[in-house]
Amino acid sequence: MSIDNKIAIVCITENGKNLAFEIQSKLNNGDVYLIRNKKNNFKIDEEKNNVFLVEDKLSNLVPSLFEEYQYIVFIMATGIVVRVIAPYINNKFSDPAILVGDEKGQNLISLLSGHMGGANEMTTYISELIGANPVITTATDVNKKSSLDMIAKKLDAHIVNFRENVKDVNAMLVNNQEVGLYIDGNYEIDTRGFKILTNFEDVDSTEKIVIISSKNNFIDYYIENKKENELDEQMLRKKCSEGNIIKVVPKEIVIGIGCRRNTESSLLQESLNNLLHQYNIDINSIKEIGSIDVKSDEKAIIDLASSLSVPFKTFSVDEISKVDHLFEKSDFVKKNVGVYCVSEPVAYLLSEGNLIIEKHKYKGITISVGRVSK
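Nothing here was measured: the structure is a model prediction, and the numbers come from that model. (Residues numbered from 1 in each chain as written. Predicted model: local features only at pLDDT ≥ 70, side-chain atom pairs only at ≥ 80, totals over all residues. Heavy atoms only, no water.)

(A) Expanded view of the environment of L148. Counting through the fold element by element, L148 comes out in helix α6 (residues 148-155). Using a relative accessible area of 0% as the deciding quantity, one classes L148 as buried. C-alpha of L148 to C-alpha of F194: the two residues are 46 residues apart in sequence and 9.9 Å apart in space. Discounting chain neighbours no more than four positions away, the residues touching L148 are I159, N165, V166, V169, N170, V210, I246 and V248. (Helix = DSSP H or I, 4+ residues; strand = E, 2+ residues; numbered from the N terminus. Buried < 20%, exposed > 50% of the residue type's maximum accessible area, 1.4 Å probe, protein only. Contact = heavy atoms within 4.5 Å.)

(B) The UniProt feature "domain: Cobalamin synthesis G N-terminal" (unreviewed entry) in the chain, seen in detail. Within the UniProt annotation, "domain: Cobalamin synthesis G N-terminal" (unreviewed entry) is assigned to residues 62-141. Secondary structure content for residues 62-141 is 38% helix and 24% strand, while the C-alpha to C-alpha distance between its ends is 28 Å. (UniProt positions renumbered as here; feature names shortened; annotations may be inferred.)

(C) Representation of the sheet that holds strand β5 (residues 97-101) within the structure. Taken in spatial order, the seven strands of this open sheet run β3-β2-β1-β4-β5-β6-β7, and their pairing is mixed. At either margin of the open sheet sits one strand with a lone partner, and together these are β3 (51-54) and β7 (133-135). On average, adjacent strands in this sheet sit at an angle of 20° to one another, irrespective of strand direction. Sheet topology places strand β1 (residues 7-11) next to strand β2 (residues 31-35); four bridges connect them, and they run parallel. If you follow A8 over to β2, its bridge partner there is D31. Relative to β2, helix α2 (residues 58-68) is tilted by about 165°, and along the sheet it contacts β1, β2, β3, β4 (71-75) and β5. Docked against the sheet, helix α3 (residues 78-85) engages β4, β5 and β6 (107-112), running at close to 20° with respect to β6. (Pairing = 2+ DSSP bridges. Axes fitted to C-alpha atoms, helices over the stretch in contact; angles between N-to-C directions.)

(D) Structural detail: unusual backbone geometry. Phi angles above zero are rare outside glycine, and N262 is one such case at about 65°. Of note, N262 is situated in the loop between β13 (253-259) and α10 (265-278). The exposed category is assigned to N262, whose relative accessible area is 64%. You will see that S309, though not glycine, has its phi angle at about 55°, which is positive. You can see S309 is positioned in the loop between α11 (299-308) and β15 (312-315).

(E) Here's a closer look at the environment of K17. By secondary structure assignment, the location of K17 is in helix α1 (residues 14-27). Remark: the alpha-carbon pair of K17 and N199, spanning 182 residues in sequence, is separated by 56 Å. K17 has contacts with C11, L34 and F42, leaving out every residue within four places of it along the chain. Among the polar contacts made by the side chain of K17, one reaches the side chain of E14 at a distance of 3.0 Å. (Polar contact = N/O pair within 3.5 Å; in protein donor to acceptor, adjacent residues only side chain to side chain.)

(F) The arrangement of α1 in detail. The end-to-end C-alpha distance of α1, which contains 14 residues, comes to 20 Å, matching closely the 20 Å that a straight helix rising 1.5 Å per residue would cover. Every buried residue belonging to α1 is among G16, K17, L19, A20, F21, I23, Q24 and L27, and all of these are buried. In this fold, the buried residues of α1 make contact with β1, β2, β3, β4 and α4 (119-130). Two residues or fewer after α1 comes N28, characterised by a positive phi angle close to 55°. (Expected span 1.5 Å × (residues − 1).)

(G) α2, seen in detail. For α2, every residue scored as buried is listed here: L58, L61, V62, L65 and F66. Viewed end-on, α2 has its buried residues packed into an arc of 140°, placing them on one side of the element. Those residues of α2 that are buried lie in contact with β1, β2, β3, β4, α3 and β5. (Arc of directions from axis to C-beta.)

(H) Structural context of the sheet that holds strand β16 (residues 355-362). Read from one edge of the open sheet, five strands run β15-β14-β13-β17-β16, paired in mixed fashion. Two strands bound the open sheet, and with one partner strand each, they are β15 and β16. When strand polarity is set aside, the average angle formed by the axes of neighbouring strands in this sheet is 25°. One ladder, built from seven bridges, connects β13 with strand β17 (residues 365-371); its direction is antiparallel. In the sheet register, I253 faces β17, and the bridge partner there is R371.

(I) Inspection of the packing of aromatic side chains at higher detail. Inspection of the entire model under this criterion finds ten aromatic pairs. Ring geometry for F66 and Y88: centres 6.2 Å apart, planes at 55°, overall tilted. Residue F66 is located in helix α2, and its partner Y88 is located in the loop between α3 and β5; the two are separated by 22 residues in the primary sequence. For Y88, a relative accessible area of 33% gives the class partly exposed. With a centroid separation of 5.6 Å and 80° between ring planes, the pair formed by Y182 and Y222 is classed as edge-to-face. Linking Y182 in strand β9 (residues 179-183) with Y222 in helix α8 (residues 218-226), this pair joins segments that are 40 residues apart in sequence. A residue is classified by how much of its surface remains accessible, and Y222, at 2% relative accessible area, is buried. Positioned above the aromatic ring of Y69 is the side chain of K6, whose terminal nitrogen or guanidinium carbon lies 4.8 Å from the ring centre. Directly above the ring of Y221 sits K215, whose terminal nitrogen or CZ lies 4.5 Å from the centroid. (Phe/Tyr/Trp six-rings, centres within 6.5 Å; stacked < 30°, edge-to-face > 60°. Lys NZ or Arg CZ within 6 Å of the ring centre and 35° of its normal.)

Laid out in structure tokens, this is it:
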């Protein structure tokens, strides 16, 4: 497991302190918080890094922990933890992952944000490091089944009506009801509990169907290309209209953009929409957009990134120059920005070499598309 995010390890006893240091050492990560009181008389060891002595109540520390950390490991009784975190719990999409371990390191509990926050995965990982028993109680995990929210997390995917659809699908899975899963592409995901579909024949009795695809209009595309018979076509459209087809859109598309200075925001948005429509790409599949660094202040691109709620990344002339020879050259572009082309090498760099749509030219705009692997 890759540990890239901040972890807080909190303890209130001497044995808990020893376990906290062991976890910190084996993770090679984490900030340890020692809650000092009359019974433990904790002191700071000058030789240890990222260790903080807290001369205040645990309940007063919790708000800042919720703000600053993605994972919080409490080494103390579960009852204490439940009481101190209760006022700050919001929802599983924003709460940090909360883990609770006893001071002897015998059991480690995934208490809060098991799926979306990553508490289940972290509980299993730390338990393996310290030889603890991982305690995980989420129904899908207990029943050794996948879940819609974990698939979405794995693919960094967009799902319309996320909460309601996750709740419905996960409930069906744990109650052994049939949920179809059609995968349009190569995605490494956990499919346990789903009925894997290779087509849509004879699925009238399947109440819910999950489709993983970055295509904007998957159903029309499928019907047109797979030549489904009329009854299957009617069934698919009926399930769509009833809301029984749930589309999971992986965020895997990256967009390289070149444009004239002071391009109109509306023109850039219209040009991108045109390209997406032409290639049947769901706008929700866009993960990132990019350009050359001289465009870092280009309002049209900034506005586009904002409207899509995605990062805007720029590349230097040196970075682009290493790959721009792979694409059609323009002396005009070279003269103005220092490289022979922008949109294609940027999409190429963003996708680590997987350019799927070469540059399309609009009014002073070029757009290219890449896909990252999932």
